[in-house]
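Understanding the architecture of this molecule
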Amino acid sequence: MNIIKLDAIDSTNDYLKQLVREKELENYTVVIAHEQTNGKGQLGAKWISEPGKNLTMSVLIKDLPQDLITVFDINAAVAVAMAKLLSSLEIDNIFVKWPNDIMAGEKKIAGILIENILKPDGSFTAIVGIGLNVNQTIFKGLPVATSIKLFRETTYDSLEELAILMVNLIDSYVTLATKRKHYIWELYNEVLFKKNIPMLFIDSYDKRFIGEVKHVNKDGKLALFQDDQELHFYEAKQIKMLF
């Protein structure tokens, strides 16, 4: 595993994407930053992290064949891998808040941003960005954030060790997704945040409504059961859960 460690960078995803353009990299090359000054989250949000306290990293997954695995399968596999890592650290009540936030109970402990590069031969390369709150204990202005330390009261001296565990799990679940993608989706849907609970949502027109999370389909769309007694399907940019 090729691990590139940086003191400070604006975005590990952007840095790794630039490296991919400049030279041939080993599959599962990892970029880890002590400080990320312009970390990116889903839908243009920023990922804010205290320098040196958390795991901010990006992973390169090369030449994925679209006839075996889709970009949505990759999202599901990585989210399941993240949930598995946190469960292995004995953190209870781990959920995936669609599309790619990882929750510990009611609070966000990690986030995933996957950017895909499509290739002319029908394959694609994924840049998997991960922010995992590890040793940070104060989250000013972020009332729904938490960390491993707040749950376990344990300080992790080696963020690199956590990164290696994370990458090995991602490798395992991505490989599984190429062979048994239905199983990956079963695992993903088993840990959906607020599943089968009526929740308040807001759409892109600022309209609020109640819906029950039922599942995420293999196109990455969220299925909500609504007041008309029908299932409605949404893409990530179309709605947001309010909780």
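Let's shift gears to the nonpolar core. In terms of nonpolar packing, the biggest core is built from 65 residues, with I102, L132, I148 and Y188 touching the most fellow members. With 11 residues, the top contributor of residues to this core is helix α2 (residues 71-88). Counting 10 residues, the second largest nonpolar core, distinct from the first, contains I4, L19, L25 and I127.

Right, let's talk about the side chain of T29 for a bit. Mapped onto the secondary structure, T29 falls in the loop between α1 (12-22) and β2 (30-36). The class of T29 is buried, set by a relative accessible area of 0%. Here the side chain of T29 touches E26 through a polar contact of 2.5 Å, landing on its backbone oxygen. T29 has contacts with N2, I4, L16, S58, V59 and L60, leaving out every residue within four places of it along the chain.

Looking now at the environment of M199. Relative to the helices and strands, M199 resides in strand β10 (residues 198-203). Every residue in contact with M199, bar those within four places of it in the chain, is listed here: K194, F209, I210, G211, M241, L242 and F243.

It is worth spelling out the sheet that holds strand β6 (residues 94-97) at this point. A sheet is described by the order of its strands in space; here seven strands give the open sequence β1-β2-β5-β9-β8-β7-β6, paired in mixed fashion. Since the sheet does not close on itself, it has two edges, and those belong to β1 (3-9) and β6, each with one partner. Taking each pair of neighbouring strands and ignoring which way they run, the sheet shows an average axis angle of 20°. Contacts between α1 and the sheet are confined to β1, β2, β5 (55-65), β8 (107-118) and β9 (123-132), with β5 contributing the most and set at about 40° to the helix. Relative to β5, helix α4 (residues 159-179) is tilted by about 25°, and along the sheet it contacts β1, β2, β5 and β9.

Criteria and cut-off values
Residues numbered from 1 in each chain as written. Predicted model: local features only at pLDDT ≥ 70, side-chain atom pairs only at ≥ 80, totals over all residues. Heavy atoms only, no water. Core = buried A, V, L, I, M, F, W, Y, C linked by side-chain atoms within 4.5 Å. Buried < 20%, exposed > 50% of the residue type's maximum accessible area, 1.4 Å probe, protein only. Helix = DSSP H or I, 4+ residues; strand = E, 2+ residues; numbered from the N terminus. Polar contact = N/O pair within 3.5 Å; in protein donor to acceptor, adjacent residues only side chain to side chain. Contact = heavy atoms within 4.5 Å. Pairing = 2+ DSSP bridges. Axes fitted to C-alpha atoms, helices over the stretch in contact; angles between N-to-C directions.

The quantities given are spatial measurements derived from coordinates; they are silent on function.
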